[in-house]
Amino acid sequence: MDNYEAVIGLEVHVELHTKTKAFCSCPNEFGKEPNTNVCPICLGLPGVLPVINEALLEYAIRAGLALNCEIAAFSKFDRKNYYYPDLPKNYQISQYDLPLCRNGYLDIEVNGATRRIGITRVHMEEDAGKLVHGEGGADYSLVDLNRAGVPLLEIVSEPDIRTPEEAKAYLEKLKSILSYIDVSDCKMEEGSLRCDANISVRPAGTDILNPKTEIKNMNSFRAVQRALEAEIKRQCAVWAAGGTVESETRAWDENKGTTVPMRSKEEASDYRYFPDPDLVPIVISPDRVSRIRRELPELPDARARRFTSEYGLSAYDAGVLTASRALADFYEACARNYRDPKLVSNWVTGEFLRLVNARNLEIRDVKLTPAHLVEMLELIDKGTISGKIAKTVFEEMFDTGKRAEEIVKEKGLVQISDEGELSRIVEEVVTANPGVVADYRNGKEKAFAFLVGQVMKATKGKANPQLVNRLLKERI
Amino acid sequence: MKLSKKEVEHVALLARLALSEEEKERFRAQLNSVLEYAEIINQLDTEKVAPTYHVLPIQNVERPDKEHETLPLEETLQNAPQRDGNYFRVPRII
């Protein structure tokens, strides 16, 4: 396998979170009762006229610009014809030869190196409905058309991706950018971001293009990475055994940990595209493009660079903090109001993210506010609480949304900095552990740490650590 | 004739039409005459003519992103050949 390299291109579909559908005014909502978000247009009833949602166009241009694409001055919609019950019209409104955006790129970082992945095109289309297949060998399917007509962007990468890690990094960066510009939720579990992969392998260092397979049914970023790893292995084995990789569509089987052939769609790629006569062409003026460009927020890469220069963070920490706009906003709201932005970064990339993951939360749903974190850090500075106790306080703040001061009072967590009281405890510990004290005097440094630990234990962690160190040293 | 029987069968399959042998021949002839007519149009020199993407001289018709009422469920499903609760029920196709 070492002698082979993979050639990977990703095709990503994202649902845009406009208020209404792409070509009709039905609400664009997830999780409604089946067939209640529909109207004659998205049901494909005869005689209706679809009209494009201006928000779809705005979002699509925004995404194109954020992905460094050229925005076509002239664009149009086409009908992609196929018969399947998830599409009541028997065609999908899509874009064929004149997509809205072309020739973009995004930069990914893998193992400390930056790679630029080309984006061939970004086009607008409508989503299809959902099929629920009857249970057991039932001979019917149930159709829910709530999703039919929901606006989608199809984002097609160049075959520039070489490893499964790069594929994952590409998806993470794409998700990050699309969330920053607020066009999609990008939730793979809810299907608002879906990814198919085209992949072939070739002897490393050559530019042969071998037959590729298309991999579907990957339901998480992790699944994409694992599926590509498995497919590379499979294709390499086929070539190594003197065989030939068949051009086909395969499905990732999560349980088996391998890709399996999908029954090939009969006459699959005969979509007979033609311009949709119901939708008029789209002419985008340079003014409109520049306005949308001006309105773009600071994007993740630029923000990460600024975090390193403005707050003195490492590239790694800046990358972690800026991957999500909500996280970067939280961090920045703290960092602007606290003397040590690096310390803030440690708390946010450390305890904060640990708890976000452990509690399985979205950052925007976290009760802890940036002001509360700053207040807690100031309590440490003042010596009211120790850094160790702060972790307990932080977790309580995170879960309850209460202020640090309140928690410290409620739980009696104020740091003990009273010399008299601490001296008494130090005396007790020293008396109770004559052997350890002797070890320390004989040069065992570790013995000292044990004694400090005993004082901490006796004070439930509330003793001022600097003071404990000093008092112990003086005593023994 | 330009169009083969196999091509007629292919197009019929794409349109999910079941054609009898007699119909295949009949439609082959009709489709051929359409294609022949297109051939005639194809002879025109369109070198200096911009492609027509739409027959109307209109562009950029957009609507505001504002919700309108949806169709009541009973109306949505009233023409369904088969219904199952809130769903349309169709033959299974995978």
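Parameters at a glance
- Residues numbered from 1 in each chain as written.
- Chains lettered and ligands numbered in written order.
- Predicted model: local features only at pLDDT ≥ 70, side-chain atom pairs only at ≥ 80, totals over all residues.
- Heavy atoms only, no water.
- Helix = DSSP H or I, 4+ residues; strand = E, 2+ residues; numbered from the N terminus.
- Rg over C-alpha atoms; globule rule 2.2 N^0.38 Å.
- Buried < 20%, exposed > 50% of the residue type's maximum accessible area, 1.4 Å probe, protein only.
- Contact = heavy atoms within 4.5 Å.
- Lys, Arg positive; Asp, Glu negative; His and termini not counted.
- Charge placed at Lys NZ, Arg CZ, Asp CG, Glu CD.
- Axes fitted to C-alpha atoms, helices over the stretch in contact; angles between N-to-C directions.
- Parallel < 35°, antiparallel > 145°, perpendicular 65-115°, else oblique.
- Left-handed = near helix turned anticlockwise from the far one by under 90°.
- Patch = residues over 30% accessible without salt bridge, like charges linked within 9 Å, V, L, I, M, F, W, Y side chains within 5 Å.
- Areas by Shrake-Rupley, 256 points an atom, 1.4 Å probe, with all protein chains shown as cover.
- Salt bridge = Lys/Arg side-chain N within 4 Å of Asp/Glu carboxyl O.
- Buried area = accessible area lost by both parts, 1.4 Å probe.
- Domains from an automatic or database assignment.
- Core = buried A, V, L, I, M, F, W, Y, C linked by side-chain atoms within 4.5 Å.
- Pairing = 2+ DSSP bridges.
- Arc of directions from axis to C-beta.

**Quick word on the overall build of chain A**
Counting its regular elements, chain A contains 15 helices and 17 strands. In terms of overall dimensions, chain A is more spread out than a globule: its C-alpha atoms have a radius of gyration of 29 Å, far above the 23 Å expected for 476 residues. Projecting the C-alpha coordinates of chain A onto the three principal axes gives extents of approximately 90 × 55 × 50 Å. Considering chain A as a whole, with its 476 residues, one finds that 50% of them fall into the buried category. Considering only contacts within chain A whose residues lie at least 6 apart along the sequence, 69% involve residues at least 24 apart. Counting 64 positive and 73 negative side-chain charges, chain A places the averaged centre of each group 4 Å from the other.

**With respect to the packing of helix α7 (residues 325-335) of chain A against helix α9 (residues 370-382) of chain A**
Residue and element names in this part refer to chain A. Close contact between α7 and α9 brings their axes to 8 Å; oriented N to C, the two are set at 45 degrees. Classified by the interaxial angle, the pair formed by α7 and α9 is oblique. The crossing of α7 and α9 is right-handed. Counting all contacts with α7, which are made through Phe330, Ala333 and Cys334, the residues of α9 involved are Pro370, Leu373 and Val374.

**Some details on a negative patch on the surface**
Residue and element names in this part refer to chain A. Together, Asp182, Asp185, Glu189, Glu190, Glu362 and Asp365 line one region of the surface with negative charge. Among the secondary structure elements, Asp365 is positioned in the loop between α8 (341-358) and α9. According to the relative accessible area criterion, Asp365 is partly exposed, its value standing at 47%.

**Some words on the environment of Trp252 of chain A**
Residues and elements named next belong to chain A. Tracing the backbone through its elements, the reader meets Trp252 in strand β14 (residues 248-253). In the structure, Trp252 is positioned 109 residues away from Leu361 in sequence and 28 Å away in space, judged by C-alpha atoms. The contact partners of Trp252, leaving out residues within four places of it in the chain, are Ile215, Lys216, Asn217, Met218, Ala223, Arg226, Ala227, Ala230, Gly257, Thr258 and Thr259.

**Re the interface of chain B and chain A**
If you look at the interface, chain B gives 33 residues, while chain A gives 57 residues. Regarding the contact of chain B and chain A, the summed buried area is about 4,100 Å², with carbon and sulfur atoms giving 58% of it. Counting the surface chain B buries against chain A, the share from its top three residues, Tyr53, Arg63 and Asp65 of chain B, is 20%. Between Arg288 of chain A and Glu62 of chain B there is a salt bridge; the shortest N-O distance is 2.9 Å.

**With respect to the pattern of salt bridges**
What the rule picks out here adds up to 50 salt bridges over all chains. The closest approach of N and O atoms between Arg306 of chain A and Glu298 of chain A, which form a salt bridge, is 2.8 Å. Arg26 of chain B is the salt-bridge partner of Glu22 of chain B, the closest N and O atoms lying 3.1 Å from each other. You can see Glu22 of chain B and its partner Arg26 of chain B sitting in helix α2 (residues 21-42), four residues apart, about one turn around the helix. Relative accessible area serves as the criterion here: at 38%, Arg26 of chain B is assigned to the partly exposed category. When salt bridges that share partners are traced, they join Glu298, Arg303, Arg306, Glu310, Asp329, Glu332 and Arg336 of chain A into one network.

**Here's the deal with the domain arrangement of chain A**
As far as domains go, chain A holds domain 1 (4-290) and domain 2 (419-475). When each unit is reduced to the centre of its C-alpha atoms, the spacing between domain 1 of chain A and domain 2 of chain A is 63 Å.

**Concerning the nonpolar core**
Residue and element names in this part refer to chain A. By size, the foremost hydrophobic cluster in this structure holds 112 residues, and its most contacted members are Met124, Ile155, Tyr170, Phe352, Met376 and Val393. Discounting residues that sit within four places of it in the chain, Val393 has contacts with Met376, Ile385, Ala404, Ile407, Val408 and Leu413. Judged by nonpolar contacts, the second largest core, of 21 residues, contains Leu422, Val430, Val436 and Leu451.

**Remarks on the sheet that holds strand β6 (residues 91-94) of chain A**
All names here are of chain A. With antiparallel pairing, the three strands of this open sheet are ordered in space as β6-β5-β16. Because the sheet does not close on itself, it has two edges, and the strands there are β6 and β16 (274-275). Where strand β5 (residues 78-81) meets β16, two bridges bridge the pair, whose relative direction is antiparallel. By the bridge assignment for β16, Asp78 is matched with Pro275.

**Details of the sheet that holds strand β3 (residues 87-91) of chain B**
Strand order across the open sheet formed by four strands is β9(A)-β10(A)-β3(B)-β2(B), with antiparallel pairing between neighbours. Taken across any chain shown, the strands that pair with only one partner, and hence form the sheet edges, are β9 (130-133) of chain A together with β2 (83-84) of chain B. The pairing of β2 of chain B with β3 of chain B spans two bridges and is classified as antiparallel. Of the residues in β3 of chain B, the one forming a bridge with Arg83 of chain B is Phe88 of chain B.

**Overview of the pairing of strand β7 (residues 101-110) of chain A**
Residue and element names in this part refer to chain A. Bridge count for strand β3 (residues 70-71) against β7 is two bridges, and the pairing is antiparallel. Bridging from a neighbouring strand, Glu70 pairs with Arg102 of β7. In terms of strand pairing, β7 meets strand β8 (residues 113-126) through nine bridges, oriented antiparallel. Within the sheet, the bridge partner assigned to Gly104 lies in β8 and is Ile119. Between β7 and β8, which pair antiparallel in sequence order, lie two residues; one of them, Asn111, sits at a positive phi of approximately 50 degrees.

**Structural notes on helix α13 (residues 434-441) of chain A**
Residues and elements named next belong to chain A. Of all the residues in α13, the buried ones are Val436, Val437 and Tyr440. In an axial view of α13, the angular spread of the buried residues amounts to 100 degrees, which keeps them on one side of the axis. Away from its buried face, by an angle of more than 90 degrees, α13 presents the exposed residues Pro434 and Arg441. Residues of α13 that are buried in the fold lie against α12 (419-432), α14 (445-458) and α15 (465-475). Residue Gly443 follows α13 closely and has a positive phi angle near 100 degrees.

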